[in-house]
Amino acid sequence: MSVREIPMYIDGQAVPSQSGDWRDVVNPATQEVVARVPFCTADEVERAVASAKAAFKEWRKVPLAKRMRIMLKLQALIRENTDELAALITEEHGKTLPDAAGEVGRGLEVVEHACSITSLQLGELAENAASEVDVYTMHQPLGVGAGITAFNFPIMLPCFMFPLAIATGNTFVLKPSEQDPSSTMRLVELAHEAGIPAGVLNVVHGGPDVANQIADHADIKALSFIGSTHVGSLLYNRAAAAGKRMQSMMGAKNHCVVMPDANRSQAINNLLGSAFGAAGQRCMANSVVVLVGDAREWLDDIVEGARNMKVGPGTQRDADLGPLVSPAAKERVERLIATGEQEGARLLVDGRGCQVEGYPDGNFVGPTLFSDVTAEMTIYREEIFGPVLCVVSVDTLDEAIEFINANPNGNGTSIFTNSGWVARRFETDIDVGQVGINVPIPVPVAYFSFTGSRASKLGDLGPNGKQAIAFWTQTKTVTARWFEPENVSSGINSTISLS
């Protein structure tokens, strides 16, 4: 099998990098090198930003209806190419094909939302706010925007960024993850096939040096980041110091509360899928289950369900979870499992040493389950980003809410219950950005904003929904009065009054 070389995308075309620093992109189920990706030079990043800056002069003037039609074409192309995009995700990330297709669908939702740009970007008007004075607002593009994405959703996360940024009249520079760039690059090709002009969407690759250059660059006006708390915090502070508008969606430790009145089979099956799907490599994965009261008696069923989940390569459609993205990720997860044992958690299901027939070199870790977990343990404090579920037992809903709110992170949480009163109490008192009620992974549909709280988010505005329109535009307020041609001034008005 030939190894593809991942290009940059600058000024409307694929461009080979002249970098001397290239990294292998590896199939995590086989360790086969499937692609090579460059770490772009500083000059190449400058070229991408310059291309976006030049294109902005004309793109900002393109009518809203034309931008809408491009997004309509892009959503059609994504639908037509879902299988190809999913296959590329699975090959480089490892998630199962059904899960990969689901990711494409969630990214598609954002593009569909961008098709409403003709109404989303409308301003407001107050006629006769004062005597013959009209006041109105315009939501105008910022200029060059940029996005830096994590490896775990190579289609969905770029869709959280560039479609709405471009639809609102900005141009864009994207830095996808170097671990699985091929599906992102195919998405960018489809965007240009849909009619996005040259220079409006550019792609560079690299590591910290490229990310820092983007954060520092004076011509980039806004930066969206999705990834780890450590990197997101550094970039947020760096970009803010450079005068940029910035959003960082970062780490998580998500909790699923199970009440004793919940539908038992639904709660357990949804919990297991949310904890172990994608091998736990989701920022919205439920990595902690809080069993309330008599629900602790369901633990044996949860253990049995975890043991019966099927591990396999992503191409095996009946597999419940595939491999971790890299050997380093596998080593880290297995090290944290060992730490959990050492610190006194009770290991009920051990996914280490997982062997998949025909794939001896895969980065497989099976579903792993700990009980008797406390807030002081490393496996609770750290985001494991692997198929490891921690079980915590409490007596009351109040204790569950207090326990979750004491965690530094506030990305997502869910509750399983048949009580409307319990659900309403939970959604009101919990300090977490995304809340699911009998929904295990509460990633909101794209016309609602992705939120997050506390250590999971920096910046007031999140991706998607109305907040994204506000993030990618600046509001200009115009106060206008038109005089009749023969109108004579009644004298100098030295006050602030509009009368």
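Fair warning: this is a prediction, and the values are worked out from it, not measured in the lab.

**So, the overall build of the protein chain**
Phase 1 of the analysis: A count of helices and strands for the protein chain gives 17 helices and 23 strands.
Phase 2 of the analysis: Against the compact-globule benchmark of 23 Å for 499 residues, the protein chain has a radius of gyration of 25 Å, which places it among compact chains.
Phase 3 of the analysis: The dimensions of the protein chain, computed from C-alpha atoms along their principal axes, are 90 × 60 × 40 Å.
Phase 4 of the analysis: Each of the 499 residues in the protein chain was classed as buried or not, and the buried ones make up 56%.
Phase 5 of the analysis: Here the analysis covers contacts within the protein chain between residues at least 6 apart in sequence; of these, 73% occur between residues at least 24 apart.
Phase 6 of the analysis: Put simply, the protein chain shows about 20800 Å² of open surface, and 50% of that area lies on carbon and sulfur atoms.

**Focus on a nonpolar patch on the surface**
Phase 1 of the analysis: The grouping of Val445, Tyr447 and Phe448 at the surface amounts to a nonpolar patch, some 320 Å² of accessible area in total.
Phase 2 of the analysis: Relative to the elements of secondary structure, Val445 occurs in the loop between strand 20 (434–437) and strand 21 (453–454).
Phase 3 of the analysis: Judged by relative accessible area, which is 32%, Val445 ranks as partly exposed.

**What to know about the nonpolar core**
Phase 1 of the analysis: In terms of nonpolar packing, the biggest core is built from 65 residues, with Val257, Leu369 and Val373 touching the most fellow members.
Phase 2 of the analysis: The contacts of Val373, once residues within four sequence positions are left out, are Ala345, Ile379, Tyr380, Cys390, Val391 and Val392.
Phase 3 of the analysis: The next biggest cluster of nonpolar side chains, apart from the first, holds 63 residues, and it includes Val62, Leu77, Val111 and Leu142.

**Comments concerning the side chain of Arg67**
Phase 1 of the analysis: Along the chain, Arg67 turns up in helix 2 (residues 64–80).
Phase 2 of the analysis: Summary of buried charges: Arg67 has no salt-bridge partner, and the nearest side chain of opposite charge, Glu58, is 11 Å away.
Phase 3 of the analysis: In this structure Arg67 touches Trp59, Arg60, Val62, Gln121, Ile166, Ala167, Thr168 and Gly169, once residues within four positions along its chain are discounted.

**A closer look at the sheet that holds strand 6 (residues 125–130)**
Phase 1 of the analysis: Spatial strand order, 6-7-23: three strands in an open sheet with antiparallel pairing. One side of each edge strand has no neighbouring strand; the edge strands of this open sheet are strand 6 and strand 23 (473–481). Between one strand axis and the next, the sheet turns by 30 degrees as a mean value, whatever way the strands run.
Phase 2 of the analysis: As paired elements, strand 6 and strand 7 (residues 133–141) share three bridges and run antiparallel to each other. Paired with Leu125 across the bridge in strand 7 is Tyr136.

**Details of empty space enclosed by the protein**
Phase 1 of the analysis: One pass over the full model with this rule turns up three cavities of 30 Å³ or more.
Phase 2 of the analysis: Approximately 100 Å³ is the volume found for the largest cavity.
Phase 3 of the analysis: What lines the largest cavity is a set of 14 residues, among which Gly280, Ala285, Ser287, Glu383 and Phe385 lie closest to the centre.
Phase 4 of the analysis: Residues belonging to the lining of the largest cavity are distributed by class as follows: seven nonpolar, four polar and three charged.

**A look at the sheet that holds strand 1 (residues 4–5)**
Phase 1 of the analysis: Read from one edge to the other, the open sheet built from three strands follows the order 1-5-4, with strand pairing classed as mixed. Each having just a single partner strand, strand 1 and strand 4 (22–26) make up the two edges of the open sheet.
Phase 2 of the analysis: Sheet analysis places strand 4 next to strand 5 (residues 33–38), joined by five bridges and oriented antiparallel. Bridging from a neighbouring strand, Val26 pairs with Val33 of strand 5.

**A word on the pairing of strand 12 (residues 245–249)**
Phase 1 of the analysis: Of all five residues that make up strand 12, four are buried, and the element is covered over most of its length.
Phase 2 of the analysis: Two strands pair when backbone bridges link them, and strand 11 (residues 220–226) and strand 12 are joined in this way by five bridges, in the parallel orientation. Bridging across to strand 12, Phe225 finds its partner in Ser248.

**Digging into the domain arrangement of the protein chain**
Phase 1 of the analysis: Segmentation of the protein chain into domains returns domain 1 (4–250 + 464–478) and domain 2 (254–437).
Phase 2 of the analysis: Taking the mean C-alpha position of each, domain 1 and domain 2 sit 31 Å from one another.
Phase 3 of the analysis: Interface area, domain 1 with domain 2, both sides summed: about 1700 Å², of which 59% is carbon and sulfur.
Phase 4 of the analysis: Summed over the shared surface of domain 1 and domain 2, the result is one salt bridge.
Phase 5 of the analysis: Ionic pairing is found between Asp99 and Arg282, a salt bridge with its closest N-O pair at 3.2 Å.
Phase 6 of the analysis: Our count for the domain 1 to domain 2 interface comes out at six residue pairs in polar contact (both at pLDDT 80 or more).
Phase 7 of the analysis: Of all the secondary-structure elements, those providing two or more residues to the side of domain 1 that touches domain 2 are helix 3 (82–93) and helix 4 (97–114).
Phase 8 of the analysis: In terms of residue class, the side of domain 1 that touches domain 2 is made up of six nonpolar, nine polar and three charged.

Conventions we followed
Residues numbered from 1 in each chain as written. Predicted model: local features only at pLDDT ≥ 70, side-chain atom pairs only at ≥ 80, totals over all residues. Heavy atoms only, no water. Helix = DSSP H or I, 4+ residues; strand = E, 2+ residues; numbered from the N terminus. Rg over C-alpha atoms; globule rule 2.2 N^0.38 Å. Buried < 20%, exposed > 50% of the residue type's maximum accessible area, 1.4 Å probe, protein only. Contact = heavy atoms within 4.5 Å. Areas by Shrake-Rupley, 256 points an atom, 1.4 Å probe, with all protein chains shown as cover. Patch = residues over 30% accessible without salt bridge, like charges linked within 9 Å, V, L, I, M, F, W, Y side chains within 5 Å. Salt bridge = Lys/Arg side-chain N within 4 Å of Asp/Glu carboxyl O. Core = buried A, V, L, I, M, F, W, Y, C linked by side-chain atoms within 4.5 Å. Lys, Arg positive; Asp, Glu negative; His and termini not counted. Pairing = 2+ DSSP bridges. Axes fitted to C-alpha atoms, helices over the stretch in contact; angles between N-to-C directions. 1 Å grid on protein atoms, 1.4 Å probe; cavity = no way out; pocket = protein on both sides within 12 Å on 5 of 7 lines; lining within 4 Å. Points joined across faces, edges and corners; volume = space filled by probe spheres on them. Nonpolar A, V, L, I, M, F, W, Y, C, P; charged D, E, K, R; others polar. Domains from an automatic or database assignment. Buried area = accessible area lost by both parts, 1.4 Å probe. Polar contact = N/O pair within 3.5 Å; in protein donor to acceptor, adjacent residues only side chain to side chain.

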